[in-house]
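# Working through the structure, step by step
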Amino acid sequence: MALQLGDTAPDFTAETTEGPVSLHEYLGDSWGILFSHPADFTPVCTTELGEFARRKKEFDDRNTKIVGVSVDSVDSHRGWSDDIAETQGTGLNFPLVGDEDRTVAQLYGMIHPKALETATVRTVFVIGPDKKVKLTLTYPAAIGRNVDEIVRVLDALQLSATHAVSTPVNWNDGDDVIISPAISDEEATTRFPKGFTTLKPYLRLTPQPNR
Ligand code: BEZ
């Protein structure tokens, strides 16, 4: 069965562009993003990996380590990094797994044969500090991902993990959030000192608590 939200992210040890990595040990107490791309030296992937590399500081700032995967070799990844640097401005600056034997791809269900026979599709797994899968995304080979969205959901996941709130449609960092219906008005008054607006008893909005 495919990995589901709340499952433990499978651990593995693999060769990467930054030497051998054991996922759980590497992540430590951090959040993690494990993502796959179909193939090195292909156009959409080159733009995506360049964007992840350019924005690495945003992930660092969120205590999040990123790890990429494809079924290419580590030597291939290293050669491709020069093209990424040349065309996208920044080369690889995070571990990229050389998963030639598809161990990681199979553990995470990254190969979807009806969409792409032998390579990994574009998957994203957000992993919490407890090593549980918090969010999954899957895109086909022809469609590049949106790193803004990945950063956005990371902000939302981290906020909801530390405060009793959830995020409404189209939420962005800084927008109002929703108070959990499990919290009474009385408790909300002390937990959310900036106040809250009640649209319905089950729909109460409060300014983002960690700002
Ligand atoms: C691409 O990155 O452009 C790509 C990779 C594999 C299949 C199709 C497109």
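Summarised in this report is the structure supplied together with it. (Residues numbered from 1 in each chain as written. Predicted model: local features only at pLDDT ≥ 70, side-chain atom pairs only at ≥ 80, totals over all residues. Heavy atoms only, no water.)

## Focus: the nonpolar core
- Grouped together as the largest cluster of nonpolar side chains are 23 residues, with contacts concentrated most on Ile33, Phe35, Leu49, Phe52, Phe59, Phe94 and Val126.
- Those elements giving two or more residues to this core turn out to be strand E3 (31-36), helix H2 (43-54), helix H4 (74-88), strand E6 (122-127) and helix H6 (147-162).
- In terms of residue count, the dominant contributor to this core is H6 (six residues).
- Dropping the residues within four chain positions of it, Phe59 is found in contact with Ile33, Phe52, Thr64, Ile66, Val147, Ile150, Val151 and Leu154.
- Counting 17 residues, the second-largest nonpolar core is a separate cluster that includes Ala14, Val104, Tyr108 and Met110. (Core = buried A, V, L, I, M, F, W, Y, C linked by side-chain atoms within 4.5 Å. Buried < 20%, exposed > 50% of the residue type's maximum accessible area, 1.4 Å probe, protein only. Helix = DSSP H or I, 4+ residues; strand = E, 2+ residues; numbered from the N terminus. Contact = heavy atoms within 4.5 Å.)

## Thoughts on the pattern of salt bridges
- Counted by the stated rule, this structure contains 14 salt bridges.
- One salt bridge in this structure joins Arg191 and Glu187, with 2.8 Å as the shortest N-O distance. Taken as a pair, Arg191 and Glu187 lie in helix H7 (residues 185-191) at a separation of four residues, close to a single helical turn.
- Given the relative accessible area of 42%, Arg191 is considered partly exposed. (Salt bridge = Lys/Arg side-chain N within 4 Å of Asp/Glu carboxyl O.)

## Thoughts on the sheet that holds strand E9 (residues 177-179)
- One open sheet accounts for four strands, arranged E8-E9-E11-E10; its pairing is antiparallel. Two strands bound the open sheet, and with one partner strand each, they are strand E8 (165-166) and strand E10 (197-200).
- In the sheet, E10 pairs with strand E11 (residues 203-206) via three bridges, with the strands oriented antiparallel. Residue pairing for E11: Lys200 is matched across the bridge by Leu203. (Pairing = 2+ DSSP bridges.)

## Things to note about the environment of Val67
- Tracing the chain through its elements places Val67 in strand E4 (residues 64-70).
- Separated by 26 residues in sequence, Val67 and Asn93 have C-alpha atoms that sit 9.9 Å apart.
- Setting aside residues up to four positions removed in sequence, Val67 forms contacts with Leu23, Tyr26, Ile33, Leu34, Phe35, Pro95 and Val97.

## A word on the environment of Ile111
- Structurally, Ile111 can be placed in the loop between helix H5 (103-107) and E6.
- Along the chain, Ile111 and Thr123 lie 12 residues apart, while their C-alpha atoms are 9.2 Å from each other.

## So, the pairing of E11
- Alternating positions in E11 separate cleanly, Arg204 and Thr206 being buried on one face and Leu203 and Leu205 remaining unburied on the opposite face.
- Across two bridges, the pairing between E9 and E11 is antiparallel. Counterpart to Val177 in the pairing with E11 is Thr206.

## Section: H2
- For H2, spanning 12 residues, the distance from its first C-alpha to its last is 17 Å, which sits close to the expected 16 Å at 1.5 Å a residue.
- Buried residues of H2: Cys45, Thr46, Glu48, Leu49, Gly50, Phe52 and Ala53, and no others. (Expected span 1.5 Å × (residues − 1).)

## Description of the site of the ligand
- All residues adjacent to the ligand are Pro38, Thr42, Pro43, Val44, Cys45, Arg122 and Ala141.
- Here an oxygen atom of the ligand sits 2.9 Å away from a polar atom, N or O, in the side chain of Thr42.
- Between the ligand and Pro43, the relevant distance is 3.5 Å, taken from an oxygen atom to a main-chain nitrogen or oxygen of the residue.
- Considered on its own, the ligand offers 260 Å² of accessible surface; in the complex 74% of this is hidden by protein.
- Broken down by element, the shell around the ligand gets its largest block of residues, three residues, from H2.
- Of the residues belonging to the shell around the ligand, the class tally is five nonpolar, one polar and one charged. (Near = heavy atom within 4 Å. Polar contact = N/O pair within 3.5 Å; in protein donor to acceptor, adjacent residues only side chain to side chain. Areas by Shrake-Rupley, 256 points an atom, 1.4 Å probe, with all protein chains shown as cover. Nonpolar A, V, L, I, M, F, W, Y, C, P; charged D, E, K, R; others polar.)

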